[in-house]
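Analysis of the macromolecular model
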Amino acid sequence: MYCINCGVKLADTEKKCPLCGVTACHPYIKQEEEVPLFPGQRYPTPQLPPRTAQIIITTLFLLPIFITLLCDLQINGAVVWSGYVVGALGMAYAIFVLPYWFRRPHSVAFTALSFMAIGLYVFYINQASGGDWFLTFALPVVGYVGTVVTAVAALLHRLRRGRLYIFGGAFLALGAFMPLMEYLIVATFCRPRFVGWSLYPMTALLLLGAMLIFLALNQPARERMERKFFL
Ligand SMILES: [Zn+2]
């Protein structure tokens, strides 16, 4: 007996093609339970146990942290410049390594956590360098971008469809934020005045967002684009 869809040779007992999943049928052969010709499950590929890999990577992060702290304390007797290095490594660890400690990392929670790690590091730079720009500039910018990206992650996680709407909306939200960002820079860093450079990224982001929403609404245009870009 052969598969009517892909043509592979099947045992007479096969009820389904193991390659393409199409129901096997033959008008004269009665299909009974027997050992199939093909293995039923795929064999797992051998891998480094995930815990071992995690421990090695964590050690690779801890080593430079200890070395920089030790050097700084030896030379300056206090945490002077090593804080920046330790903070950057900690932030990178929280973003890139921490999620993999979990069997099934929650994408939305870890997206939010990543932006919190960025915010925390920026806060440290502000404090350590005696800056006064965290509350009026860094926090609103990191907070707003983080909220938009987390919302995108949450929507992608929940909805199987409508990606064009989600990304279109995200670009519109970021575009609309640009003038406010310029205002925050002017107010925080005492730039002489509002020159309006933010209108350029705003226009670009709004156009990009509007184009994605338009494509989401207009099926013929979407199909033409998909053909054009071989999607
Ligand atoms: Zn088949």
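Residues numbered from 1 in each chain as written. Predicted model: local features only at pLDDT ≥ 70, side-chain atom pairs only at ≥ 80, totals over all residues. Heavy atoms only, no water.

Distances from the zinc ion to its protein donors, namely Cys3 (SG), Cys6 (SG), Cys17 (SG) and Cys20 (SG), fall within the range 2.2 to 2.3 Å. Around the zinc ion, the four donor atoms are arranged such that angles at the metal cover 102 to 117 degrees; this shape is classified as tetrahedral. Sequence spacing of the donors to the zinc ion: C-x2-C-x10-C-x2-C. Here the residue Cys3 occupies a position in the segment before α1 (50-76), and Cys17 occupies one in the segment before α1, the gap between them amounting to 14 residues. Each of the two residues, Cys3 as well as Cys17, counts as buried. (Donors = N, O, S within 2.8 Å, 3.2 Å for Na, K, Ca; no water. Tetrahedral: all angles 85-135°; square planar, octahedral: opposite > 155°, others 65-115°. Helix = DSSP H or I, 4+ residues; strand = E, 2+ residues; numbered from the N terminus. Buried < 20%, exposed > 50% of the residue type's maximum accessible area, 1.4 Å probe, protein only.)

Applying the stated rule across the entire model yields six aromatic pairs. Here Phe102 and Phe110 contribute two aromatic rings whose centre-to-centre distance is 5.5 Å and whose plane-to-plane angle is 55 degrees, an arrangement assigned as tilted. Looking at Phe102, the relative accessible area reads 47%, which means it is partly exposed. (Phe/Tyr/Trp six-rings, centres within 6.5 Å; stacked < 30°, edge-to-face > 60°.)

A few words on the domain arrangement of the protein chain. When cut into domains, the protein chain gives domain 1 (1-37), domain 2 (50-105) and domain 3 (159-231). Relative placement of domain 2 and domain 3: their C-alpha centres are 35 Å apart. (Domains from an automatic or database assignment.)

This part is about the side chain of Thr58. Among the secondary structure elements, Thr58 is positioned in helix α1. The exposure class of Thr58 is buried, given its relative accessible area of 16%. In this structure the side chain of Thr58 is engaged in a polar contact, spanning 2.8 Å, whose partner is the side chain of Tyr93. When residues no more than four places from it in sequence are discounted, the contact partners of Thr58 are Tyr93 and Trp101. (Polar contact = N/O pair within 3.5 Å; in protein donor to acceptor, adjacent residues only side chain to side chain. Contact = heavy atoms within 4.5 Å.)

With nine residues, the main nonpolar core is built from Phe137, Val141, Phe177, Met178, Met181, Leu184, Ile185, Met202 and Leu205. Sorting the residues of this core by element identifies α4 (134-158), α5 (163-189) and α6 (199-217) as the ones contributing at least two each. It is α5 that contributes the most residues to this core, five residues altogether. Sequence-distant contacts of Phe177, that is, excluding residues within four places in its chain, are made with Pro140, Val141 and Tyr144. Membership of the second largest hydrophobic core comes to six residues, among which are Met1, Val8, Leu10 and Ala24. (Core = buried A, V, L, I, M, F, W, Y, C linked by side-chain atoms within 4.5 Å.)

In this model, α5 (27 residues) spans 37 Å end to end at C-alpha, consistent with the 39 Å of a helix rising 1.5 Å per residue. For α5, the principal kink sits at Met178 and spans about 35 degrees; a proline, Pro179, occurs within the next four residues. Looking at α5, one finds that the buried residues are Ile166, Gly168, Ala170, Gly175, Phe177, Met178, Met181, Glu182, Leu184, Ile185, Val186 and Thr188. Contacts made by the buried residues of α5 are with α4 and α6. Cys190 occupies a position one or two residues after α5 and carries a positive phi of about 55 degrees. (Expected span 1.5 Å × (residues − 1). Bend = angle between axes of the 7 residues up to and from the residue.)

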